[in-house]
Amino acid sequence: MATSNTGVPPHLREFPGVFVRDGDGRVVDAPQADQEVAMGYPAWSTKGALKNGRRLTIMTAASRYAVGDEVRVIHVVETLSTKDELYVMGPKSVLGEYVDGSLRTAEPAKGQDPLGPPMIYDGPVLSGPAVDYNYEITSYRFLSPETHKIVWKLGELRSNQLVIEVE
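Residues numbered from 1 in each chain as written. Predicted model: local features only at pLDDT ≥ 70, side-chain atom pairs only at ≥ 80, totals over all residues. Heavy atoms only, no water.

J.: Go over the pattern of salt bridges, please, and point to the residues and values.
T.: Taken as a whole and judged by the stated rule, the model has 10 salt bridges. The salt bridge involving E107 is made with K110; its shortest N-O contact spans 3.6 Å. Look at E107 and you get partly exposed, because its relative accessible area is 46%. Judged by its relative accessible area of 75%, K110 falls in the exposed class. What you see here is one network of salt bridges that share partners, running through D22, D24 and R26. (Salt bridge = Lys/Arg side-chain N within 4 Å of Asp/Glu carboxyl O. Buried < 20%, exposed > 50% of the residue type's maximum accessible area, 1.4 Å probe, protein only.)

J.: Now, about unusual backbone geometry: what can you tell me, with residues and values included?
T.: That bond from G90 to P91 is cis: its omega, 15 degrees, falls within 30 degrees of zero. You can see P91 is positioned in the loop between β6 (85-87) and β7 (97-99). Of the consecutive residues G128 and P129, the connecting peptide bond is found in the cis state with omega at 0 degrees. Phi at D100 is positive, roughly 55 degrees, even though this residue is not glycine. Relative to the helices and strands, D100 resides in the loop between β7 and β8 (102-103). (Helix = DSSP H or I, 4+ residues; strand = E, 2+ residues; numbered from the N terminus.)

J.: For the nonpolar core, give the residues involved together with the corresponding values.
T.: Ranked by internal contacts, the top residues of the largest apolar core, which has 22 residues, are V77, I150, W152 and I164. Broken down by secondary-structure element, the contributors of at least two residues to this core are β3 (54-59), β5 (70-79), β12 (147-154) and β14 (162-166). Setting aside residues no more than four positions away along its own chain, I164 makes contact with T60, A62, S63, Y65, V71, E146, T147, H148 and I150. Residues V8, L12, V20 and M59 belong to the second largest nonpolar core, which totals 15 residues. (Core = buried A, V, L, I, M, F, W, Y, C linked by side-chain atoms within 4.5 Å. Contact = heavy atoms within 4.5 Å.)

J.: How would you sum up the packing of aromatic side chains? Please name residues and give values.
T.: Applying the stated criterion across every chain, the model contains five aromatic pairs. Both rings, one in Y41 and one in Y133, keep their centres 6.1 Å apart while their planes meet at 90 degrees; by these two values the pair is edge-to-face. Separated by 92 residues along the polypeptide, Y41 in the loop between α1 (32-39) and β3 and Y133 in the loop between β10 (130-132) and β11 (138-141) bring together distant segments of the chain. Neither residue differs from the other here; Y41 and Y133 are each classed as buried. Aromatic pair Y140 and F142: ring centres 6.3 Å apart, planes at 20 degrees, arrangement stacked. The burial state of Y140 is the same as that of F142; both residues are buried. Members of the aromatic cluster, each reached through a chain of ring pairs, are F15, Y41 and Y133. The ring of Y41 carries the charged tip of K47 above its face, separated from the ring centre by 4.8 Å. (Phe/Tyr/Trp six-rings, centres within 6.5 Å; stacked < 30°, edge-to-face > 60°. Lys NZ or Arg CZ within 6 Å of the ring centre and 35° of its normal.)

Have a look at this one:
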């Protein structure tokens, strides 16, 4: 899907789509609601901070949810460095996601470049500047009214912090 936003950097103008695994493990298009959240990345106002030309950003459809609603978290990696390559086949596992300070996914391996090549990979590679939307969508349900904070950390990279109000 293409966008016609002329104020958007060239590497963010084409949206490749977001994918999930179905019950059989096949890769399929993510639900339309998730696609729409991800398509908003170029205009997302609270992207993660740049570190060495790289950034992690997490996004949700809303910042307020009712008790028990599903909160789906979209993950985006962007590099502005021409020295980087992104391995965009996926969806890849999300490592290093924290909710309220507690690790909720597997921890990334220490000492490994968090955006480096996977051990086994046979898929497309994009040279920077580039963006990668192909990470699994994490999902949470909060069962009491309170505020929750979600952050994604890979090595020295840290995403924006999502503040989710559950009412």
